[in-house]
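# Chain and residue survey
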Amino acid sequence: MKKKKLLKIAVILAAAGLLIGGGVGLYMFFMPHRDVQKSPTDFALTSSELVAEYLNDFEQSNQKYLSQDGNSKILEVTGTVAGISEDYNGQKVVLLKDPGQVAGVSCTFMHETNSNATALNIGQTVTIKGVIRSGVFYDPDLEMHLNAVIEKSDVIF
Amino acid sequence: MKTTKILLTALLTIAISMTAFSQTGDRLVSSKAHIKFFSTTPAEDIEANNYTSTSTINTSNGNVVFSVPMQGFEFPKALMQRHFNQANFLDTKQFPNARFVGKIANLDQVDFSTNGTYNAQVEGEMTIKGVTKPIRENGTITISGNSVEINSKFNITLADYGIEFVKGKPASNIAKTVEVTFIGEYQKQ
């Protein structure tokens, strides 16, 4: 009688373990991408500040802004709209670059936020939120400064 | 005599400034590019897309350069993307940009001033995860008015760049050689 009870408990425990394990596995497998716009902002700064920080110390800036797992820091960048274009995925790309700066911040929007990018005007000052993908540096082979890149962007009103 | 001298100096100045201008005009810049990784194994197909690269072509000496922000690769599954960025795979925090520096080897067969599609052989050095390897690949260059488009498809052996999996899921699900598709659009300035 006691043995049967123990067996019952063991079976229940095993089943629960399988369910939890399987659940975690399935969750990991189907884990959704981080929703950048709904996640809290890590740093709010101007495009010129970000450019200056990177040009001052590239390595240290990467340590500060990039994450090992690719879910890097979420920024709110304020700057002057210097250009609006579109990438091969049909996403709008807004370049924030203040007059007189060697580089700026390239902000890739998403299909669902594209209309907010299209509504911007060149010369306008705006704040854009997105996740940083890479920083600013001078590439001697490209013979130019590379802009910082943020993606999953939207305008902060 | 003096007027001739002045005239010559003036002509020379004009000639020099014109070459200087034409040289800056020879460099085409693109920030519109698409790079796709495709890995296929019996276990699964994995595809990742990047739309954030910057590239230049110099039409007079054939130099081709591109810089790829590695964290800009997007995978259909969040977990794959996380693995891709981690230290044992691409280590994108340590090596945020991959790059290619090379030349169009058959530049004499590409006429940037005439519309058309040209076959191009590009050779140079690819740097991924801090490891530089020589590569030589084929592609096409399409010229249409002010727009120049480069297309190329080639294979990369991951182990060449120190990316190796000997056991577990990555070893069975990620191909040893991945196919890379590159398309970039450049505007004549």
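Located above this text is the structure these notes cover.
Residues numbered from 1 in each chain as written. Chains lettered and ligands numbered in written order. Predicted model: local features only at pLDDT ≥ 70, side-chain atom pairs only at ≥ 80, totals over all residues. Heavy atoms only, no water.

Judged by nonpolar contacts, the single largest core of 45 residues is most densely connected at B:Phe73, B:Ile104, B:Phe112 and B:Ile141. Element by element, the count of residues in this core is highest for strand β6 (residues 116-128) of chain B, at five residues. When near neighbours in sequence (up to four residues on either side) are disregarded, B:Ile104 contacts B:Ile57, B:Gly62, B:Val64, B:Val110, B:Phe112, B:Ala120, B:Gln121, B:Val122 and B:Ile141. By size, the runner-up hydrophobic cluster in this structure holds 24 residues, among which are A:Leu45, A:Leu66, A:Cys107 and A:Val136. (Core = buried A, V, L, I, M, F, W, Y, C linked by side-chain atoms within 4.5 Å. Buried < 20%, exposed > 50% of the residue type's maximum accessible area, 1.4 Å probe, protein only. Helix = DSSP H or I, 4+ residues; strand = E, 2+ residues; numbered from the N terminus. Contact = heavy atoms within 4.5 Å.)

On the side of chain A, 34 residues touch chain B, which itself brings 39 residues to the contact. When the two sides are added together, the surface that chain B and chain A hide from each other amounts to roughly 3,200 Å², 56% of it contributed by carbon and sulfur. On the chain B side of the contact with chain A, B:Tyr51, B:Gln71 and B:Lys93 bury the most area, a combined 23% of that side's loss. Along the contact surface separating chain B from chain A lie four salt bridges. A:Lys152 is the partner of B:Glu74 in a salt bridge, and the nearest nitrogen-oxygen pair spans 2.9 Å. Counting every contact that joins chain B to chain A gives 12 residue pairs in polar contact (both at pLDDT 80 or more). Counting residues per element, the ones that place at least two in the side of chain B that touches chain A are β1 (27-40), β3 (54-58), β4 (63-69), α2 (78-85), β5 (97-104) and β9 (177-187) of chain B. Taken together, the residues of the side of chain B that touches chain A sort by class into 13 nonpolar, 15 polar and 11 charged. (Buried area = accessible area lost by both parts, 1.4 Å probe. Salt bridge = Lys/Arg side-chain N within 4 Å of Asp/Glu carboxyl O. Polar contact = N/O pair within 3.5 Å; in protein donor to acceptor, adjacent residues only side chain to side chain. Nonpolar A, V, L, I, M, F, W, Y, C, P; charged D, E, K, R; others polar.)

On to the environment of B:Ile135, then. Residues and elements named next belong to chain B. Tracing the sequence through the fold places Ile135 in strand β7 (residues 131-144). Residue class for Ile135 comes out buried when judged on its relative accessible area of 16%. Sequence-wise, Ile135 and Phe100 are 35 residues apart; in three dimensions their C-alpha atoms are separated by 9.2 Å. In contact with Ile135, not counting residues within four places along its chain, are Phe100, Val122, Glu123, Gly124, Met126 and Tyr161.

Take the side chain of B:Thr52 next. You can see B:Thr52 is positioned in the loop between β2 (45-50) and β3. A distance of 2.7 Å separates the side chain of B:Thr52 from the side chain of B:Asn50, its partner in a polar contact. The contact partners of B:Thr52, leaving out residues within four places of it in the chain, are A:Thr108, A:Val149, A:Glu151, B:Ala33, B:Pro69 and B:Gly72.

Residues and elements named next belong to chain A. A surface patch of nonpolar side chains, amounting to about 540 Å² of accessible area, comprises Leu19, Ile20, Val24, Tyr27 and Met28. Along the chain, Leu19 turns up in helix α1 (residues 2-30). Leu19 sits in the exposed class, given a relative accessible area of 66%. (Patch = residues over 30% accessible without salt bridge, like charges linked within 9 Å, V, L, I, M, F, W, Y side chains within 5 Å. Areas by Shrake-Rupley, 256 points an atom, 1.4 Å probe, with all protein chains shown as cover.)

Only a minority of non-glycine residues have a phi that is not negative, and only a minority of peptide bonds are not trans. Phi is positive for A:Lys152, which is not a glycine, with a value near 60°. When you line up the elements, A:Lys152 lands in strand β8 (residues 148-155). Backbone geometry at B:Lys129 places phi at a positive 55°, although glycine is not the residue there. Its place among the elements puts B:Lys129 in the loop between β6 and β7.

What follows deals with the side chain of B:Asn58. Residue and element names in this part refer to chain B. Considering the arrangement of structural elements, one finds Asn58 in strand β3. With a relative accessible area of 13%, Asn58 lands in the buried category. One polar contact links the side chain of Asn58 to the main-chain amide nitrogen of Asn61, over a distance of 3.3 Å. Setting aside residues no more than four positions away along its own chain, Asn58 makes contact with Asp26, Arg27 and Asn63.

The next point concerns the packing of helix α2 (residues 47-56) of chain A against helix α3 (residues 58-65) of chain A. All names here are of chain A. Viewed as axis vectors pointing N to C, α2 and α3 meet at an angle of 125°, and their least axial separation amounts to 5 Å. As far as their axial angle goes, α3 and α2 are oblique. Here Leu50, Glu53, Tyr54 and Asn56 of α2 lie close against α3, whose contacting residues are Phe58, Ser61, Asn62, Lys64 and Tyr65. Tallied by class, residues from the contact of α2 with α3 come to four nonpolar, three polar and two charged. (Axes fitted to C-alpha atoms, helices over the stretch in contact; angles between N-to-C directions. Parallel < 35°, antiparallel > 145°, perpendicular 65-115°, else oblique.)

Time to look at the packing of aromatic side chains. Using the criterion set out here, one finds 11 aromatic pairs over all chains in the structure. On the numbers, 5.7 Å between centres and 55° between planes, the contact of A:Tyr54 with A:Phe58 is tilted. Classification of A:Tyr54 by relative accessible area gives buried; the value is 1%. Grouping aromatic residues by their ring pairs yields a cluster made of A:Phe43, A:Tyr54, A:Phe58, A:Tyr65 and A:Phe137. Between the NZ or CZ atom of A:Lys64 and the centre of the ring of A:Phe43, over which it lies, the distance is 4.9 Å. The positively charged end of B:Lys32 is found above the aromatic ring belonging to A:Tyr88, 4.8 Å away from the centroid. (Phe/Tyr/Trp six-rings, centres within 6.5 Å; stacked < 30°, edge-to-face > 60°. Lys NZ or Arg CZ within 6 Å of the ring centre and 35° of its normal.)

Residue and element names in this part refer to chain A. Those residues of α3 not exposed but buried are Ser61, Asn62 and Tyr65. Down the axis of α3, the buried set is contained in an arc of 100°. They therefore lie on one face. For α3, the secondary structure elements touched by its buried residues are β1 (43-46), α2, β2 (74-86) and β5 (125-134). (Arc of directions from axis to C-beta.)

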